[in-house]
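For reference, the chains in residue letters:
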Amino acid sequence: MPTGEYDDSVAAFVQQWFDILSRHEPVEELLPFVSDQGLEMAFPERTLRGHDDFRDWYRVVGETFADQTHVLEHLDTRNSGDRVHIDLFVVWTAKTVADGSVSTFRVHQNWTLQRRAGGEPPVIVTYRVGELVPVEA
């Protein structure tokens, strides 16, 4: 269970996101979480601006890494009108397909969710991945 201050519905959203990533579900399972308009997902290797970019990035990640896990360690949220600002730490473990090596990193991330009308789930509009800090076994 992550530590920090957070809203239970936002925590469930974040956990569901990481669970889907860990299982490497079809990209269609993730697209409803991500805005197609005004998106800025900044990863160390590239910045994504919409669903087409996300589809391509997800395909490349799936070809590069296997047996991924994402363990949420810390989660803080702050509401600002129809936006939710998220500060989190996740531990990501993955096997590199090319050589079979397994690496684990602690990663700081900042997200912004856009709340939607009519009880629709929120969508990610910004997602910034910080430095990948190796975790020794």
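See above for the structure.
Summary of the structure given here. (Residues numbered from 1 in each chain as written. Predicted model: local features only at pLDDT ≥ 70, side-chain atom pairs only at ≥ 80, totals over all residues. Heavy atoms only, no water.)

1. Side note on helix α1 (residues 8-23)
Going by this rule: Here a helix means four or more residues in a row that DSSP labels H or I, a strand means two or more in a row labelled E, and each is numbered from the N terminus. What a helix is expected to span follows from its residue count: subtract one and scale by 1.5 Å. Think of it in three bands: residues with accessible area under 20% of the maximum for their type are buried, residues over 50% are exposed, and the middle band is partly exposed, with areas taken using a 1.4 Å probe on protein chains only. Here, two residues are considered to be in contact whenever any of their heavy atoms come within 4.5 Å of each other.
An ideal rise of 1.5 Å per residue puts 22 Å on 16 residues; α1 measures up with 22 Å between its terminal C-alpha atoms. When α1 is considered as a whole, its buried residues turn out to be V10, A11, F13, V14, W17, F18, I20 and L21. Against the buried residues of α1 lie β1 (40-42), α2 (51-64), β3 (65-80), β4 (83-96), β5 (102-114) and β6 (123-134). Remark: H24 follows α1 within two positions and exhibits a positive phi of approximately 45°.

2. A few points about α2
Note the cut-off: Directions pointing from the helix axis toward each C-beta atom define the arc.
Counted at 1.5 Å a residue, the expected span for α2 with its 14 residues is 20 Å, and the 20 Å between its end C-alpha atoms agrees. Among the residues of α2, H51, F54, W57, Y58 and V61 are the ones counted as buried. Buried residues of α2, seen end-on, are gathered within an arc of 120° and therefore sit on one face of the element. Elements that come into contact with the buried residues of α2 comprise α1, β1, β2 (47-48) and β3.

3. Focus on the nonpolar core
Nonpolar side chains in soluble globular proteins generally cluster together in the buried interior. To keep things clear, this is the line we draw: Among the buried residues, those of types Ala, Val, Leu, Ile, Met, Phe, Trp, Tyr and Cys that are joined through side-chain atoms within 4.5 Å form a nonpolar core.
Membership of the largest hydrophobic core comes to 33 residues, with the highest contact counts inside it found for V14, W17, F18, F54, W111 and Y127. Going through the elements one at a time, α1, α2, β3, β4, β5 and β6 are the ones with two or more residues in this core. Apart from the residues lying within four places of it in its own chain, the contact partners of Y127 are W17, F18, L21, E40, M41, A42, F43, Q109, N110 and W111.

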